[in-house]
Amino acid sequence: MMSDVCVFAPVSPAAERLRYILGEDDDMPNPTLFTEMDTLQQDGDELEWKESARWVKFEEKVEDGGERWSKPHVSTLSLHSLFELRTCLQTGTVVLDLEGYSLPQIVDEIIERQIDEGMLSPDLREKISFVLLRKHRHQTKKPIHRSLADMGKASGGGARECPSALWSRMAIGIPIHIIVLPKLRNKFMKKIPRDAEASNVLVGEVDFLDKPFVAFVRLAQATTLGGLTEVPVPTRFLFILLGPTGKAKSYNQIGRAIATLMVDDLFSDVAYKARDREDLIAGIDEFLDEVIVLPPGEWDPKIRIEPPKKVPTADKRKSVHSLNELGQPNGTAGGSGGHSEDEEMPVAHELGEELAHTGRFCGGLFLDMKRKLPWFPSDFYEGFHIQSISAVLFIYLGCITNAITFGGLLGDATDNYQGVMESFLGTALSGTVFCMFSGQPLIILSSTGPILIFEKLLFEFSKNNGIDYMELRLWIGIHSCIQCFLLVATDASYIIKYMTRFTEEGFSSLISFIFISDAIKKMMGSFKYYPINTDFKPDYVTAYKCECLAPDPMASMIFNGLVPVPTDNTSSLFGLNITDLDWSQLSKKECVKYGGSLVGNTCKYVPDLALMSFILFFGTYSMTVSLKKFKFSRYFPTKLRKLISDFSIFMAIMTFVGLDRLIGLKTPKLIVPTEFKPTRPDRGWIVLPFGKNPWWVYLASFVPALLVTILIFMDQQISAVIVNRKENKLRKGCGYHLDLFWVGVLMAVCSFLGLPWYVAATVISIAHIDSLKMESESSAPGEQPQFLGVREQRLTGILVFVLTGVSIFLAPVLQFIPMPVLYGVFLYMGVASLSGIQVYAFSFWERIKLYMMPSKYQPDFPFLRHVPLRRVHLFTLVQIICLAVLWVLKSTVLAILFPVMILGLLVVRKMLDMVFSQHDLAWIDDILPGKDKKKDKKKKGDKDDTKKKDKKKGRADDSKDKVRNVKIYCHQLAGLEQKKPC
C-alpha cells in the first residue's frame, strides 16, 4: 500500500519549476503583503462579510467576544487543510494578471470564467454576485468613551454609514483620500510598510451551492477596492471559497492556510512571479516539503505559539542554490546521510578588505582615504537626530569622569607635570581631531592604565638619573609617531586578521573587568574616608562629646616658634598668642592645625556619607539598567519607550543628583579646574626638544618608544576590530591605517604640548556604539524590531570632546554632580560593554556559565551539538587562565609589558591548533586565515582529482548523483481525497 502513496523520484517537477521561477533576475523586491480573512456571517436577515483574522507576519484573530484582537501568534495549520488547499487550486479558477479596477467588475469576471469553463451554472450568477458584494464589517479598536458615544447615537436614532458604502462611493468618482481619511488615523497602519499590498481571503458557506466555488485572482496592478480591506492598502490578490453548508470549519481552515502561505516569504514570491496554476501548486509543494508535523497527542492545538524573538532568515530558502536541495527529503530521516541545516559549518572568520596587504607604499592608507571620503558629508548631517543628544550626554559624562580620574593619577605619578587640566585639554584636542579626520569616528580616545604605568616608571627613571622628564617624553613621542607612520606605510595592520574571537574576548573582557573593578574600588573608598559609626547608640546621645584640649606648655613654645602668628586682623584668633586661645571654641580642623588634641567618643564621628554614596552609586546603575531595558516592556507607546531608553543614563543621573540635593549631605562632588593654566606653575604649554638632556638621550629614547608603539598599536587596533565587527552592520567601512596614522600624529602633538597620550578606549567606544544603535520603526505585530545598524557619523564624538574642553567654564554646574553617581555610570559602562562584546551566542561569558549548569538545563547552543562538552570546557579554561594572567600582570609593575602579553595571546591561540581540531575551533572560535588557505588548497586539489576521476568514469558518477538526490515525494492519501470539500 505504501508503494501507492510514496513515490521515490529524482528531483520533482515542482522543485524544477520553483528553481526556474525564483532564479529569474529581479532587481525590485516584492512588496510586503497584508492579508485579511473575512468570513460570511448572518446578521439578522442580512448577509455580511466580517473580518475574522489578519496577517502581516504573524496571525491575529478576532476573539470570540468580538471586542478585541488576539495577541500575534504563529499560525498553526493542519496538514489536512494544506492538502485541501492544494486540491482547491487544482480544481478552482486561477486568474493571473487580471485588469481589475473595482470589486463588482472583478466578481463579474470570475463568475463569467467559471460559467465559460462549465464549473458554474448560469442560474447561480446573481446569487454568487449578491453574496460576494455584501458589505464588509471590520474589527476596529474603539476607546470606551467613543463606544458610549456610539451607544448614545444609536439610542437617539442617528444613522451611520455602513463600511460597504465606501467602494460604491468610490465607484461614482469620490476621491479615495476623502473616503479613507478616518482610516489613515488607524494606528495599525504604522505596523505596515508604506509600499505594502493586500491579499484578501473570503470564505463562507451558502445553501444554494452543491460544490465549492473557488477562485484565486492576481491583479495586474494593485487596486484599492473600497472597503474590502480594513486599512487603505491596495489589493493585489483575492482568494474566494464558497461551499455548501455544513463544512464551515473546514472552509475556515483552508482560508487560514492560504492566508498563512501569502505572508510566507517564499510563497509570496512565487505568487507574484507565477505564470500559471502549476507554479502556485509548486509553491505549495515546497511549503509542504518544509512543514514540521507535531504529534496531536503530545501538543495542544489550542496553544498559541508566541512569535520568536529572532525569525530565521528567508535568504537561504529564496536562493537558487538552496532550491537545488528541494529534491532532498525534509531532514535526514531519509537515510541519505546528508547534512541537516544545523550541521552546517559556521561562517568563516573574515575582517573585510580593509586589512588586505596591498604591497604598496601607504597603499592601505590611500585606500582608507578613498573609502571614507565619499561618506564625509553624510558623517555630519546624519548626526542631526534626537538619539545623538542622549549619546553625547552619556559619553560626555564618561569622558570627563575618565579625564578627572586619570588626570589625578597622572598628577600624583608625575609630580603634577601632567594633571587634571592637561587631561581635559588633551582629551578635548585628541578626541576632536580624531573624530574629525579618522577612518572610524565612532571610536573614542582616552587614557589607559598601561600608559599611566609607563608614565609613572618614566618619571621615576628620569628623576633618579637626572634627566629632564618632559624633554625625554617628547622624544619618545616623536619616535613613537615615526614608528606608527612606518607601520601605516607598510600595511602592518593586516596582522590583526590573525586575531580571532579568542584574543578579542580576552582583551575586551579584561578592559571591562578593569572598569567594573575600578568603579567598585572607588565606591569602597568612600567607606574608608567616611566610615560608618557603628558604635553610635541613640540612647546615650547625652554622653557623646568632643573637646579640644590645649597642648602642654613645651608643645606651645615649639608651636609658637615654628608657626608665626599672622599680623593681620582677619580673625580674632590670629591676633592672640597661642596660649591665649580659647581651645573650647575652636573647630575640629583649627584644633588640629594649632596643635591641640581632640578628646571624646564623637570626635571620629562622620555622618553616614558612605551609605548615602552607595545609594547614589547603586541607584544610578540599577536605574540606568532598568530604563535601558524599558523599550522591551509592555507599557506606553513604542516611541515613548524608545525615548526613555535612549535617555536612560541622563534621567538616572538627574534623578540621583536631585536626590543628593534633596538630602543635603556633603557627599564628594565632581571637581573641575576653573582656570586655564598648567597644573604645575613652573612649566609652560610648549615643551622644547633641545637644551636639557644629553644628545644620546634623543637617540636612546627609540627603545622605550618601541614599547609605547606596540602598546598603542595593539590597544588601538583590537578596539577597532571590536567596533568594526560585522554584527554592528556598519555600512561606511572602516579605516585601520587611517586611524593609526592620526593616533601617531596626535602622539607627537601631545608630546610637544606636554599632554597625556591617547589611544582607543574599548569600553567607552562600545558604549558609544550601543547608544547609537538603530532599529526598525515599522514592524509587524508580534515581530521584534529589527536591528538596522549604527548611526555612523562624526558629530556626536566631536560634540563630546568640545564639551570636555569647555568643561572648565561649566564648573558651576558640574560641581553639583556627586562622584558616586559617576562611579555608577562607570559600573554601567563596564557591565554593558561586557555584554556588548558577547555578540555571539556561544561567547566567552556564556561558556563560563556552562560550568555551573547541569547538562539538562544548558541552552541549546549550536556549538554544543557539534563539540563535546569537555572540549568546550577545556577551551574556556584556557581563556580563563589567560585572562587571570593578564589581570595579575596589569596589577603589578610588569603592566608595562601588557601589549607584549596581548601578542602572547596570539601565540597561545596558535598553539591551540595542536590541541583542538579545526572542526571544533570553527564552532567555538575561528579558524586562522592560514588554515583557511590550506583548506582551500586541499579542496582545490580534491576538485582536480575529482575532475580526473570523472573523466575516467564518464557518466557512471552522474547516475550516482541522481540517486544521491533522491526525494521522497508523498501524494495525498486516498482516504483524504474523500474528505476534501474542494
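Residues numbered from 1 in each chain as written. Predicted model: local features only at pLDDT ≥ 70, side-chain atom pairs only at ≥ 80, totals over all residues. Heavy atoms only, no water.

So, on to the overall build of the protein chain. Counting its secondary structure elements, the protein chain contains 40 helices and 16 strands. A buried classification covers 47% of the 982 residues belonging to the protein chain. In the protein chain, of all internal contacts separated by at least 6 residues, the share reaching a separation of at least 24 is 80%. Carbon and sulfur atoms form 61% of the exposed surface of the protein chain, whose accessible area is close to 49,900 Å². (Helix = DSSP H or I, 4+ residues; strand = E, 2+ residues; numbered from the N terminus. Buried < 20%, exposed > 50% of the residue type's maximum accessible area, 1.4 Å probe, protein only. Contact = heavy atoms within 4.5 Å. Areas by Shrake-Rupley, 256 points an atom, 1.4 Å probe, with all protein chains shown as cover.)

With that settled, consider the environment of Lys 521. Its location among the elements puts Lys 521 in helix H21 (residues 501-529). The exposed category is assigned to Lys 521, whose relative accessible area is 55%. It is 9.5 Å that separates the C-alpha atoms of Lys 521 and Tyr 823, two residues lying 302 residues apart in sequence.

Attention now moves to the nonpolar core. With 128 residues, the main nonpolar core has Phe 394, Ile 395, Ile 476, Leu 670, Trp 757 and Met 829 as its most contacted residues. In terms of residues, this core owes the most to one element, helix H28 (residues 702-723), which gives eleven residues. Once residues within four sequence positions are removed from consideration, Ile 476 is found in contact with Phe 454, Leu 458, Ser 701, Pro 704, Ala 705, Val 708 and Trp 757. Counting residues in hydrophobic clusters, the runner-up holds 35 residues, among them Phe 83, Phe 216, Ile 258 and Leu 280. (Core = buried A, V, L, I, M, F, W, Y, C linked by side-chain atoms within 4.5 Å.)

Moving on, we come to H28. Its 22 residues give H28 an end-to-end C-alpha distance of 31 Å, which sits within 8% of 32 Å, the value for a rise of 1.5 Å per residue. Counting buried positions along H28 gives 16 out of 22 residues, so the element sits mostly inside the fold. (Expected span 1.5 Å × (residues − 1).)

Take Phe 239: it is sitting in strand E9 (residues 235-244). By relative accessible area, which is 1% here, Phe 239 ends up buried. Between the C-alpha atoms of Phe 239 and Val 203, which are 36 residues apart in sequence, the distance is 8.2 Å.

Moving on: the pairing of strand E3 (residues 46-55). Within E3, eight of the ten residues are buried, leaving the element largely enclosed by the surrounding structure. Relative to strand E6 (residues 136-137), E3 runs parallel, the two being bridged by two bridges. Pairing of Lys 50 across the sheet is with Arg 137, part of E6. Hairpin connection between E3 and strand E4 (residues 59-61): a loop of three residues separates the two successive antiparallel strands. (Pairing = 2+ DSSP bridges.)

Taken N-terminus to C-terminus, the directions of helix H20 (residues 469-489) and H28 make an angle of 55°; their axes are 8 Å apart at the nearest point. Overall, the two elements H20 and H28 adopt an arrangement that is oblique. Of the two elements, H20 crosses H28, and the hand of that crossing is right-handed. Here Ile 476, His 479, Ser 480, Gln 483, Cys 484 and Leu 487 of H20 come into contact with H28, specifically with Phe 702, Pro 704, Ala 705, Leu 706, Val 708, Thr 709, Ile 712 and Phe 713. A per-class count over the contact of H20 with H28 returns ten nonpolar, four polar and no charged. (Axes fitted to C-alpha atoms, helices over the stretch in contact; angles between N-to-C directions. Parallel < 35°, antiparallel > 145°, perpendicular 65-115°, else oblique. Left-handed = near helix turned anticlockwise from the far one by under 90°. Nonpolar A, V, L, I, M, F, W, Y, C, P; charged D, E, K, R; others polar.)

Next up on the list: the pairing of strand E7 (residues 197-206). When you tally the buried positions in E7, you get nine out of ten residues, the bulk of the element. For E7 and E9, the ladder comprises nine bridges, and the chain directions are parallel. Paired with Val 206 across the bridge in E9 is Pro 244.

Turning to the confidence of the model for the protein chain, a few remarks are in order. Of the residues in the protein chain, 75% reach a pLDDT of 70 or more, and the chain-wide mean stands at 75. Below a pLDDT of 50 lies the segment residues 932-940, which in the model reaches three contacts outside its immediate sequence neighbourhood of four places, other chains included. Counted against residues more than four places away or in other chains, residues 946-982, with its pLDDT under 50, gives 63 contacts. (pLDDT = per-residue confidence, 0-100.)

With that out of the way, let us pick up the packing of aromatic side chains. Enumeration according to the criterion identifies 16 aromatic pairs in this entry. Relative to Phe 875, the ring of Phe 502 has its centre 5.7 Å away and its plane inclined at 65°; by these criteria the two rings are edge-to-face. Of this pair, Phe 502 sits in helix H21 while Phe 875 sits in helix H35 (residues 869-890), and the two are 373 residues apart along the sequence. Residue Phe 502 is classed as buried on the basis of its relative accessible area, which comes to 2%. Among the aromatic side chains, those forming a connected cluster through ring pairs are Phe 437, Phe 485, Phe 741 and Trp 742. Arg 134 extends its terminal NZ or CZ atom over the ring of Phe 130, reaching a point 4.0 Å from the ring centre. (Phe/Tyr/Trp six-rings, centres within 6.5 Å; stacked < 30°, edge-to-face > 60°. Lys NZ or Arg CZ within 6 Å of the ring centre and 35° of its normal.)

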